[in-house]
Amino acid sequence: MKIIKTNKGESIKVSDEHYEYLSQFTWHINNMGTVVRARLTDDPEHYPNGIVSMAREIFSCPHRRQRVTHKDKDKLNCQKDNLVLHPMRVGSVINPFQI
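The structure contained in this document is the topic of the report that follows.

Rules used in this analysis
- Residues numbered from 1 in each chain as written.
- Predicted model: local features only at pLDDT ≥ 70, side-chain atom pairs only at ≥ 80, totals over all residues.
- Heavy atoms only, no water.
- Helix = DSSP H or I, 4+ residues; strand = E, 2+ residues; numbered from the N terminus.
- Buried < 20%, exposed > 50% of the residue type's maximum accessible area, 1.4 Å probe, protein only.
- Lys, Arg positive; Asp, Glu negative; His and termini not counted.
- Salt bridge = Lys/Arg side-chain N within 4 Å of Asp/Glu carboxyl O.
- Polar contact = N/O pair within 3.5 Å; in protein donor to acceptor, adjacent residues only side chain to side chain.
- Pairing = 2+ DSSP bridges.

### Let's talk about the side chain of Arg56
Here's step 1: Counting through the fold element by element, Arg56 comes out in helix α2 (residues 54-59).
Here's step 2: No salt bridge is formed by the buried Arg56, whose closest oppositely charged neighbour, Glu57, lies at an N-O distance of 9.7 Å.
Here's step 3: In this structure the side chain of Arg56 is engaged in a polar contact, spanning 2.3 Å, whose partner is the backbone oxygen of Gln66.

Written out as structure tokens, the structure is:
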């Protein structure tokens, strides 16, 4: 496990295997407590609000029809073994604030 600091100095736990890649970005904690960064591309279908979460970055799943949760409910613990990828059910309402 390694630590990445946000722009305000908060500590985020990440897996060793993802540290080098993730540490190239500037990370923030949004008002929902999710670790996010600004998107690097204009792709409104996958990044409708202009951000991507660290958990989604780890799974390479920007698509809104998938959801990532944290097993221990700690949004600052972004180690891959703490993350779970869930497909959205057909007919589910997508809440953009959970992306």
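Now that the structure has been shown, we can carry on.
### Observations concerning unusual backbone geometry
Here's step 1: With phi around 65°, Lys73 is a residue other than glycine that occupies positive phi space.
Here's step 2: Relative to the elements of secondary structure, Lys73 occurs in the loop between β6 (66-70) and β7 (77-78).
Here's step 3: Lys73 sits in the exposed class, given a relative accessible area of 71%.

### Some thoughts on the pairing of strand β4 (residues 35-38)
Here's step 1: Here strand β3 (residues 28-29) pairs with β4 via two bridges, running antiparallel. Bridge pairing links His28 to Val36 in β4.
Here's step 2: The loop that links β3 with its antiparallel partner β4 comprises five residues; one of these, Gly33, has a positive phi angle of about 85°.
Here's step 3: Across three bridges, the pairing between β4 and strand β5 (residues 51-53) is antiparallel. Paired with Ala38 across the bridge in β5 is Ile51.

### Structural notes on the pattern of salt bridges
Here's step 1: This structure, assessed with the given rule, holds one salt bridge.
Here's step 2: Taking the shortest distance from any N to any O, the salt bridge between Arg37 and Glu57 comes out at 2.6 Å. Highlighted residues: Arg37 in strand β4 and Glu57 in helix α2, separated in sequence by 20 residues. Here Arg37 and Glu57 have matching classes, each one buried.

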